[in-house]
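A closer look at the structure
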Amino acid sequence: MSVIRIRPYPPHLSLTHASFSSADPRKQIPFRNPYFSMSLTLPNNVSFKLTRRHLFRAALAGLIIHPRAEAVTPLDSSLHVIVIGAGISGLAAARQLRNAGLRVTVLEARDRIGGRVSTIRQAAFANVPFEAGAQFIHGRQNASGGLNPIWNLAVTQNWPRVDFGADPAETRRTGRVVGNDTSIYTAFTDFEDWMFDTKKPSLSSGQTSYSIGQAVSDWISAQGLTTQQQSDLRAICQADIEEDQGAALSEISLLGFDEDLGYDVGGDQILTGGYDTLAQHLLTSPTRLDVRLSHQVQTVDTRTRQCRVTTNRGVFEGDYVLCTLPLGVLQAGNVSFLPAFSTAKQTAISRMGMGTLDKVTMRFNSRFWPTETNWFLNLKSSAPWAGSFTSAEWQTGANLLIWWYQGPEARTRQTTMTDPQLRDAALAEVAAAFPSANTNTLLAYHVTRWHTDPFSRGAYSFPKAGAVVSDFDALATREGARLYFAGEATHNQYWGTVHGAYLSGQREAASILTAARKESTRLSIRQNGTSTLLEWDSETSHTYQLQSSTNLSTWSNEGSVINGNGTTNQLSVTLTPPKKFWRLAVGP
């Protein structure tokens, strides 16, 4: 009786577990026919696939196939994916890959998951959750009825949530309510119409260096606005556009005008239990992901078949790497990539912008701001043109008021001011908007610093003047065969959003799974006369070593025979592309 085993070569490939359901890492499947019996041992990088067609052919050949083989997935479960970053894009991708059966390791530089989703719970804030990072689910669905995936998760998982009504905003000037949306926003509405009808279509001609700031100046000149109207328009643009992009109007390309029109049905939503509910769900459901916290990636080397990721706490090897580092971190160049990025990716990284949006969350002992609205805008006669506030009214009794600031102002303040100084700046803005407020009733405050955060280098990406739409695609493009990219900055429609990050993670997980299925070796066995045919379906190179209990005389590969000399029981063969189908005939 011949016993034939196929083993991976070289021997560094791990034999941790077989690719079928048995816990035995070297489970053998017996095959019998009228000529001889053989037993095949599948290593962990060989996936066994038996379709109805294979079973039918095997029956004709007189083989008896153990039914356990039918449960084997064609996806090679030993393939290892290293995900860099446990933000929403990284967690979304890791969850999808793990659910598909791949081994996944997530490396996170911080001591927590979530990335730029960061929920704070402190006794000084009565232990109610508030957001240091992402705050809103932006919209429920798009005009075609497609659901925002974050909203859909919130509904299906029954997470507590409330509507956040930003309209009508209460507009103030020097502490007095000066108008409602109809009167104070007229110039802005006219400006929007002009942008949609005249300026944004110019992008088709490649006019990407034209900034929104230049558009505002051109509009003001063309319309002959009064000084008051000019400052009001700039204030509304600051609140509506600069805060969305985290940058000054002069920095933002026309691409950034009304970029959030995707899921524009249903308004913004708040997860009252904290946005980190999403991150925890991705981490733990249905099984806990392997996330390594406080692992700062230093080098990513994909020059060889086994990718190597070096961190401050050791080296990790895998078959694929998914990089979800924020754009700001890529721009800082603190992580080395070998080989270097393509010219297209390097150009995109340098042309795109990383915005800064920060906030000071304040808790007072009583509420002194109106209860009819959640959003307040205090107009000014000089830059910065407005002070923006939101009320965390969904946290009943917590009396939380949030001051927002963005762009160059935020970058300067973060690099020059201490937390107490930023607190005082926030209180000064409060006093200007609400002169009767007693700011001495402040109980606690929390300052965010996304611009100086070494693991984000900003809040989210934006299309800088001079950037093009294809830059988002270039950032998302795979480098080589094994290095993939996800993150909000890689989504060409929903950059700067949590749903954009989530969708990008799912996109790249699907791409990796496609590659993994191509790489997984699929094996079938059938009888051909006195020989047994071992058939592979593979699109990548594999080297195998054949060992038999009796000396082998022939090993043929599609007509090319490798002859044994009758004195050895070991032969090796390499299956290489571009062929997608291999047939090895083993004879006694």
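This text follows the structure it describes.
Attention in this report is confined to the structure presented alongside it.

The rules behind the values
- Residues numbered from 1 in each chain as written.
- Predicted model: local features only at pLDDT ≥ 70, side-chain atom pairs only at ≥ 80, totals over all residues.
- Heavy atoms only, no water.
- 1 Å grid on protein atoms, 1.4 Å probe; cavity = no way out; pocket = protein on both sides within 12 Å on 5 of 7 lines; lining within 4 Å.
- Points joined across faces, edges and corners; volume = space filled by probe spheres on them.
- Nonpolar A, V, L, I, M, F, W, Y, C, P; charged D, E, K, R; others polar.
- Pairing = 2+ DSSP bridges.
- Helix = DSSP H or I, 4+ residues; strand = E, 2+ residues; numbered from the N terminus.
- Buried < 20%, exposed > 50% of the residue type's maximum accessible area, 1.4 Å probe, protein only.
- Contact = heavy atoms within 4.5 Å.

With that out of the way, let us pick up empty space enclosed by the protein. Unfilled space is identified by rolling a water-sized probe across the atoms. One pass over the structure, following the stated rule, counts five cavities of 30 Å³ or more. Put simply, the largest cavity is a space of about 80 Å³. Residue lining of the largest cavity: 14 residues in total, with Leu325, Ala486, Gly487, Ala489 and Thr490 positioned closest to the centre. Here the lining of the largest cavity is built from residues that sort into nine nonpolar, three polar and two charged.

The strand order β9-β13-β10 describes an open sheet built from three strands, whose pairing is antiparallel. Every other strand in the sheet has two partners, leaving β9 (137-138) and β10 (161-164) as the edge strands with one partner each. Sheet topology note: the β9/strand β13 (residues 268-271) ladder contains two bridges and is antiparallel. Counterpart to histidine 138 in the pairing with β13 is aspartate 268.

So, about the environment of alanine 109. Within the secondary structure layout, alanine 109 lies in the loop between β6 (103-107) and β7 (119-120). Judged by its relative accessible area of 18%, alanine 109 is buried. Separated by 183 residues in the primary sequence, alanine 109 and arginine 292 place their C-alpha atoms 8.4 Å from one another. Setting aside residues up to four positions removed in sequence, alanine 109 forms contacts with Ser294, His295, Gln296 and Phe455.

Time to look at the sheet that holds strand β27 (residues 483-485). As summarised here, the arrangement of the five strands in space is β14-β6-β5-β18-β27, forming an open sheet in which the pairing is parallel. Since the sheet does not close on itself, it has two edges, and those belong to β14 (291-292) and β27, each with one partner. Where strand β18 (residues 320-323) and β27 come together, three bridges link them in parallel fashion. What sits directly across from cysteine 323, in β27, is phenylalanine 485.

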